[in-house]
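Letter by letter, the chains look like this.
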Amino acid sequence: MEFLVKSTRPETLKTATLVVAIGEGRKLGDAAKAVDQASNGALTAVLKRGDIAGKPGQTLLLHSLPGLKAERVLLVGCGKGDLSDRQLRKLVASVHGVLKGLGGSDALLALGELKVKGRDTYSKTRLIVETLADGSYLFEQFKSQKADPRALKKITLVVDKAELAAAERGVQHGRAIASGVAFTKDLGNLPPNLCHPSYLAEEAKTLGKAYKNLKVEILDEKKLKELGAGAFLAVAQGSEQPPRMIVMHYQGGKKDEKPFALVGKGITFDTGGISIKPAAGMDEMKYDMCGAASVFGTLKAVLELQLPINLVCLLACAENMPSGRATRPGDIVTTMSGQTVEILNTDAEGRLVLCDTLTYAERFKPQAVIDIATLTGACIVALGSNVSGLMGNNDTLIKQILKAGESADDRAWQLPLYDEYQEQLDSPFADIANIGGPKAGTITAGCFLSRFAKNFHWAHLDIAGTAWISGGKDKGGTGRPVPMLTQYLLDRAKV
Ligand code: MG
Ligand code: ZN
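Numbering of residues begins from 1 in every chain and follows the order in which that chain's sequence is written. Chain A is the first chain written and ligand 1 is the first ligand written, with later ones labelled in order. With pLDDT at 70 or above as the cut-off, local features in this predicted model cover only qualifying residues; side-chain atom pairs require 80 or more to be listed or tallied, and sums for whole chains, interfaces and linings still use all residues. Side-chain metrics rest on all non-hydrogen atoms present in the structure, leaving aside hydrogens and water.

**Q** How should I be thinking about the overall build of the protein in this particular structure?
**A** Under the DSSP-based scheme used, a helix requires at least four consecutive residues in state H or I and a strand at least two consecutive residues in state E, with every element numbered from the N terminus. Each helix and strand in the protein was counted, giving 15 helices and 20 strands. Its C-alpha atoms give the protein a radius of gyration of 25 Å, within 12% of the compact-globule value 23 Å for 495 residues. For the protein, the spread of C-alpha atoms along the three principal axes comes to 85 × 50 × 45 Å. The cut-offs for exposure are 20% and 50% of the maximum accessible area for each residue type, with area from a 1.4 Å probe on protein chains only; residues under the lower value are buried, those over the upper are exposed, and the others partly exposed. Scored against the burial criterion, the 495 residues of the protein give a buried share of 57%. Contacts in the protein between residues far apart in sequence, at least 24 positions, make up 78% of those at least 6 positions apart. Note that accessible areas follow from Shrake-Rupley with a 1.4 Å probe, and for residues the cover is restricted to the protein chains shown. Carbon and sulfur atoms make up 51% of the accessible area of the protein, which totals about 20900 Å². Working convention for charge: Lys and Arg count positive, Asp and Glu count negative, and His plus the chain ends are omitted. By convention, the point assigned to a charge is CZ for Arg, NZ for Lys, CD for Glu and CG for Asp. The averaged location of the 54 negative side-chain charges in the protein is 6 Å from the averaged location of its 61 positive side-chain charges. A radius of gyration in this sense is built from C-alpha atoms; the matching globule rule multiplies 2.2 Å by the number of residues raised to 0.38. Note on contacts: a residue pair is in contact if any heavy atoms of the two residues lie within 4.5 Å.

This is the structure we're talking about:
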């Protein structure tokens, strides 16, 4: 989908569909007033008949109004007062739903008078663009019947001249985030027979070739062995697919500037290993690489915006399978950090690939490290699918991430990593156990990771509930938390 911004009188523009707002109590917005005048009171007449009350998200489609260059006019209710983010998203989605069913390939949105709580023109525009892009996402490469190619292709946002620069910036950022979100969804939705660690490594190389300031390094089994990544390798040893640690260096800042680091869990399929999962819904374990996919997506947005920061992306990619070579419950492995781990449950594999990857991140002397992982089912129990779980060892970093989540409408909620929880990981045989019992599973997973993150400012995002929509016909990747992470980096880059 193409997005443009214009500051012209909407009633004078040629378009398949012009969308204007109606306030609650059948009040005409500014654009609607202009359309009404140009069409000799056509809107006033319609409203008099009582067809649309102006409640948020209500729509009414009008054809062939006199005096306009638009083929259709779509009225959308915008309520009264400021909308919440959620109301805005629903309103935009309902407009989009109508537009998708029409014949035209373009639309003009004149919704400047729409007010959203706590949002200026820039961030409102961005949210509109992200919502529209999200709604037009298709994953049909494995379908023999593709969608109608005539469908909606171009959306122009009409704004006041004074708002033009802010709206343009909103579109530019929204476009980049949407492209990162779509990339993340694509990678997540790919079937696990195609999307394995080596596939992700190829994706990284492709990205590295496309951008001059992105360098890609792939660490294979041999290299991981040399590095002593015993926990990482233990996860992969039951699979025919070799593991890969993917390292991508983006240089947008000065050469000597310390980088930010994003670490993504990339389990391309998680059977649970010998601690095998139940069969129901196991197909969704292809989404166990969504942490890595969200790092790819965030990097894509950063590349498109060429943010003036340095960024290292580390993806811990492996497949967790049961086999004669697979890790057993009770096995003890030595991590890259030298700490030993007793693997009590082979389904708690994410933390095993991540711990070595966090240790590896130390060498880049990062300003801050954020790891992103579909780590625990317990996180879905605690927080559902609306917010991601957040933990870490630095208050400033935690606050920055929480704030980024609010601004991007892709939120997280902090859970505590108190010392008391650490004791749940005590093992009689090794330095740490890889699970901490049934209580507070999300927190003890965070505690496990914290043992490998002592040498930098670190935060951990558990996206088990937010990364994909589970079950049914709406099943699919969400692209989260790309908006939050991109916002965090936009804030650091001060743009
Ligand atoms: Mg698992
Ligand atoms: Zn997993």
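**Q** Looking at this structure, how should I read the environment of A378?
**A** Topologically, A378 is positioned in helix α11 (residues 377-383). Linking A378 and K439, residues 61 residues apart in sequence, is a C-alpha distance of 8.8 Å. Residues contacting A378, with those up to four places away along its chain left out, are G441 and T442.

**Q** I'm lost on the coordination of the zinc ion (ligand 2) in this one. Help?
**A** Sites may look incomplete because water is not among the atoms; the donors themselves are N, O and S atoms within 2.8 Å of the metal, or within 3.2 Å for Na, K and Ca. Taken together, K265 (NZ), D270 (OD), D288 (OD) and E349 (OE) make up the full set of protein donors to the zinc ion (ligand 2), lying 2.0 to 2.5 Å away. In primary sequence terms, the donor set of the zinc ion (ligand 2) follows K-x4-D-x17-D-x60-E. Taken as a pair, the zinc ion (ligand 2) and the magnesium ion (ligand 1) lie 2.9 Å from each other and share D270 as a ligand. Remark: D288 occurs in the loop between β10 (260-270) and α9 (290-305) and D270 occurs in strand β10; sequence separation between them is 18 residues. Of the two residues examined, D270 and D288, each falls in the buried class.

**Q** Would you mind showing me how to read the pattern of salt bridges here?
**A** If the charged atoms of two oppositely charged side chains come close together, the side chains can form a pair. We define a salt bridge as a contact between a side-chain nitrogen of Lys or Arg and a carboxyl oxygen of Asp or Glu at a distance within 4 Å. All told, the structure shown has 17 salt bridges when counted by the stated rule. Notably, a salt bridge pairs R325 with E240, separated by 3.2 Å at the nearest N-O pair. With a gap of 85 residues between them, R325 in the loop between β11 (310-320) and β12 (332-334) and E240 in the loop between α8 (230-236) and β9 (244-251) connect regions that are remote in the sequence. Note that K300 is salt-bridged to E304, the shortest N-O span being 3.9 Å. With K300 and E304 both in helix α9, this residue pair falls four residues apart, about one helical turn. Accessibility expressed as a relative area gives 36% for E304, which makes it partly exposed. A single salt-bridge network, built from bridges that share partners, covers K265, D288 and E349.

**Q** Please explain the nonpolar core as it appears in this structure.
**A** Most often, soluble globular proteins have nonpolar side chains that are buried together. One finds M248, F296, L299, L311, L461, Y488 and L489 to be the most contacted residues of the largest nonpolar core, which totals 57 residues. With 10 residues, α9 is the largest single contributor of residues to this core. Not counting residues up to four positions away in its chain, the partners in contact with L299 are L207, L214, M248, Y250, L311 and C313. Counting residues in each nonpolar core, the second largest holds 48 residues, with L352, A361, A373 and F452 among its members. The term nonpolar core refers to a set of buried residues drawn from Ala, Val, Leu, Ile, Met, Phe, Trp, Tyr and Cys, joined through side-chain atoms within 4.5 Å.

**Q** Explanation requested: the coordination of the magnesium ion (ligand 1) in the structure shown.
**A** In a perfect tetrahedron of four donors around a metal, the angles come out at 109.5 degrees. In a perfect octahedron of six, they are 90 or 180 degrees. Only D270 (OD), D347 (O), D347 (OD) and E349 (OE) from the protein coordinate the magnesium ion (ligand 1), and they sit 2.0 to 2.1 Å from it. One chain supplies every donor to the magnesium ion (ligand 1), and in sequence these donors are spaced D-x76-D-x1-E. Note on D347: relative accessible area 23%, which makes it partly exposed. Judged by its relative accessible area of 1%, E349 is buried.

**Q** In this structure, what is going on with the UniProt feature "binding site: Mn(2+) 1" (unreviewed entry) in the protein? I would like to understand it.
**A** UniProt positions are given in the numbering used here, feature names are shortened, and annotations may be inferred rather than shown by experiment. Mapped onto this structure's residue numbering, the UniProt feature "binding site: Mn(2+) 1" (unreviewed entry) falls at D270, D347 and E349. A maximum C-alpha distance of 8.4 Å places the annotated residues, which cover 80 residues in sequence, within one compact spot. When near neighbours in sequence (up to four residues on either side) are disregarded, D270 contacts K277, M285, D288, N320, D347 and E349. With near-sequence residues (within four places) excluded, D347 lies in contact with D270, G272, S275, K277 and N320.

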